[in-house]
Amino acid sequence: RPTVMWFRRDLRLADNPALAEAARRGQVLPLFVIDPALWEPAGANRRWFLLGCLDALSADLDGRLVVRVGDPVEVVPSAAREVDASAVVCAADHGPYGRRRDEEVERVLDGDEVPLERIGSAYAVEPGTVVNRTDAPYKVFTPFYRAWRDVGWPDPVQRPRSLEAVTGIASDPLPDRPDVAADLPEPGEAAARRRLDTFLRHRVERYGELRDEPAQDATSRLSPYLKWGCLHPRQILHRLGRTEGEETFRSEVAWREFYADVLLDRPDTTRRAYQEKMRRMRVDAGRRADERFAAWAEGRTGYPLVDAGMRQLLGEGWVHNRVRMVVASFLVKDLHVDWSRGAHHFMQHLVDGDLASNTHGWQWVAGTGTDAAPFFRIFNPVSQSKKFDPDGDYIRRWVPELAHLDRRRIHEPWTAPADLFGDADYPEPIVDHAAEREEALARYDEVR
Ligand code: FAD
């Protein structure tokens, strides 16, 4: 009897322990389910990327990938019945929705006496494994990181040498690839491997030094591939040595693992502040807040680095990490809009949109999360710009109206004489950072 290999966020053949186990047992039905509950909120960029990954995976499986559309609670058991499967295997999902879904699928499969076996996960160290001396999850990154390294991870498993796939099982018609405005990366496992190779060969050496500068192509841009499992973090970690760049890179990969752990412990935090007192924080809503939110989302706040970042989000479905922090801080502390609204907007556009990293990236900046920047640490959009985009090249790329300004004026175009500014159609700052900073601190005093 065949084994159903249920692919979810592990769209690869190499180092896929669940797939390796299924292949070892004999005939395999490789299955992916497009779940409307996840498909709808994913946004066009992630849908486009996912469909590309499925095409690539299917090609790697000689066209044998079966894709079905519907609720996995019905679709997975029905596919298992169709081939009289002996088991369904998959990598464990630790997100709030995924865990619930898997329990329901498991219950239905149980009725057919078919086990759902969870083998591996999307993380080097399975979320929930790293605990402190009192068996509790860590709330601070650095001790988590040390303990996480001590737990360690197994070597990557080989890609199955041969895979005997069940034949004659029909796929549902796939949704059309959405029209996307953004310039997105090439999907799939082979593209992920090439990107990793290039990064390790040419960029990791100076990663520690340059990773904060958005004008440099200094980071790996592996996030969309990690999101869909075209690449497993183990495949990265086992190739990293001990140079400074490699050490820094390893700890960044660990942030992703930390946030998955935090979300497992506190699934309620996708919607509300991790820190209870911060739930009472006064935030703005209503027409003025809506207008300011729209200006932020469209990249016309009048603060060049903020606008460049928000336009990169629309243009590439990806934003440099430093700039994610700056734009998030601006929304929360200069515009006083609730962080969850910004997080939702990010999830609609990011090609790497990941519930755990996004939620807790936002909560970190908002000062509401675990191990967060204290609320009173407020990013200054102009000094961040001068420090991390000193020549203004990142701004020039995304805000071409300002491209003619020199490296001094470009960070604060309102200081440029009118004749220098010419007729460039660029807005005045929609708020005064210094004043809004005071307002943010006053609101913080109310809940502290
Ligand atoms: P690199 O610098 O090359 O890092 C390598 C990998 O490490 C990344 O691909 C990522 O998997 C992981 N990583 C690096 N930094 C972080 C971090 N701070 N938190 C968690 N993982 C990290 N990352 C996402 O993958 N999805 C998101 O939805 C997401 N939303 C974010 C929202 C905000 C407000 C902030 C501040 C950060 C968010 N991040 C998110 C984290 C980080 O910005 C991205 O992972 C990173 O920019 C991806 O680019 P890269 O692959 O070139 O990163």
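- Looking at an unreviewed UniProt entry, one finds the protein chain named Deoxyribodipyrimidine photo-lyase and attributed to Actinomarinicola tropica.
- Database annotation for the protein chain, UniProt heading Sequence similarities (unreviewed entry): "Belongs to the DNA photolyase family."
- UniProt, in the comment section headed Catalytic activity (unreviewed entry), describes the protein chain in these words: "cyclobutadipyrimidine (in DNA) = 2 pyrimidine residues (in DNA)."

1. With respect to the UniProt feature "domain: Photolyase/cryptochrome alpha/beta" (unreviewed entry) in the protein chain
Then step 1. Under the UniProt annotation, the feature "domain: Photolyase/cryptochrome alpha/beta" (unreviewed entry) is placed at residues 1–124.
Then step 2. The span residues 1–124 carries 47% helix and 23% strand; its end-to-end C-alpha distance comes to 31 Å.

2. Some words on unusual backbone geometry
Across the chain, the bulk of peptide bonds are trans and the bulk of non-glycine residues have phi less than zero.
Then step 1. Phi is positive for Glu113, close to 60°, though the residue is something other than glycine.
Then step 2. Relative to the helices and strands, Glu113 is located in the loop between α5 (96–111) and β5 (116–121).
Then step 3. Not every positive phi belongs to a glycine, and Arg221 is a case in point at roughly 55°.
Then step 4. Inspection of the secondary structure puts Arg221 in the loop between α8 (207–210) and α9 (223–228).
Then step 5. Residue Arg221 is classed as partly exposed on the basis of its 18 C-beta neighbours within 10 Å.

3. Describing the sheet that holds strand β3 (residues 66–69)
Then step 1. Strands sit in the order β3-β2-β1-β4-β5 across an open sheet of 5 strands; the sheet is parallel. The two strands at the open ends of the sheet, each matched to only one other strand, are β3 and β5. If you compare each strand with its neighbour and ignore which way they point, the axes differ by 30° on average.
Then step 2. Of the pairings in the sheet, the one linking strand β1 (residues 3–7) to strand β2 (residues 28–34) comprises 5 bridges and is parallel in character.

4. Some points on the site of the ligand
Then step 1. The ligand sits among 27 residues. The nearest are Thr219, Ser220, Ser223, Asn358 and Gly361.
Then step 2. Mapped onto the shell around the ligand, the elements with two or more residues apiece are α9, α11 (244–265), α14 (321–334) and α16 (355–366).
Then step 3. The two domains that each donate at least three residues to the shell around the ligand are domain 2 (123–156 + 189–265) and domain 3 (276–447).

5. Focus: α14
Then step 1. Spanning 14 residues, α14 covers 19 Å between terminal C-alpha atoms, matching the ideal 20 Å at 1.5 Å per step.
Then step 2. Of all 14 residues in α14, 13 are buried; the element is thus mostly enclosed.
Then step 3. Looking one or two residues past α14, His336 carries a phi angle of roughly 60°, positive in sign.

6. Focus on helix α1 (residues 17–25)
Then step 1. For α1, the full list of buried residues reads Ala18, Leu19, Ala20, Ala22 and Ala23.
Then step 2. Where α1 is buried, its residues contact β1, β2, β4 (87–92) and β5.
Then step 3. Positive backbone phi, approximately 135°, marks Gly26, located one or two places after α1.

7. Notes on the nonpolar core
Side chains that are nonpolar tend, in soluble globular proteins, to be buried together.
Then step 1. Judged by nonpolar contacts, the single largest core of 100 residues is most densely connected at Val4, Met5, Trp6, Leu31, Cys53 and Val88.
Then step 2. Here this core takes 8 residues from α14, the largest share from any one element.
Then step 3. Once residues lying within four places of it in the same chain are set aside, the contact partners of Leu31 are Val4, Met5, Trp6, Phe7, Val66, Arg68 and Ala79.

8. Notes on the environment of Glu205
Then step 1. By secondary structure assignment, the location of Glu205 is in the loop between α7 (189–203) and α8.
Then step 2. Along the sequence, Glu205 and Phe249 sit 44 residues apart, while their C-alpha atoms lie 9.8 Å from each other.

Thresholds applied
Residues numbered from 1 in each chain as written. Predicted model: local features only at pLDDT ≥ 70, side-chain atom pairs only at ≥ 80, totals over all residues. UniProt positions renumbered as here; feature names shortened; annotations may be inferred. Helix = DSSP H or I, 4+ residues; strand = E, 2+ residues; numbered from the N terminus. Buried ≥ 20, exposed ≤ 12 C-beta atoms within 10 Å, placed from the backbone. Pairing = 2+ DSSP bridges. Axes fitted to C-alpha atoms, helices over the stretch in contact; angles between N-to-C directions. Near = placed C-beta within 6 Å. Domains from an automatic or database assignment. Expected span 1.5 Å × (residues − 1). Contact = placed C-beta atoms within 7 Å. Core = buried A, V, L, I, M, F, W, Y, C linked by C-beta atoms within 7 Å.

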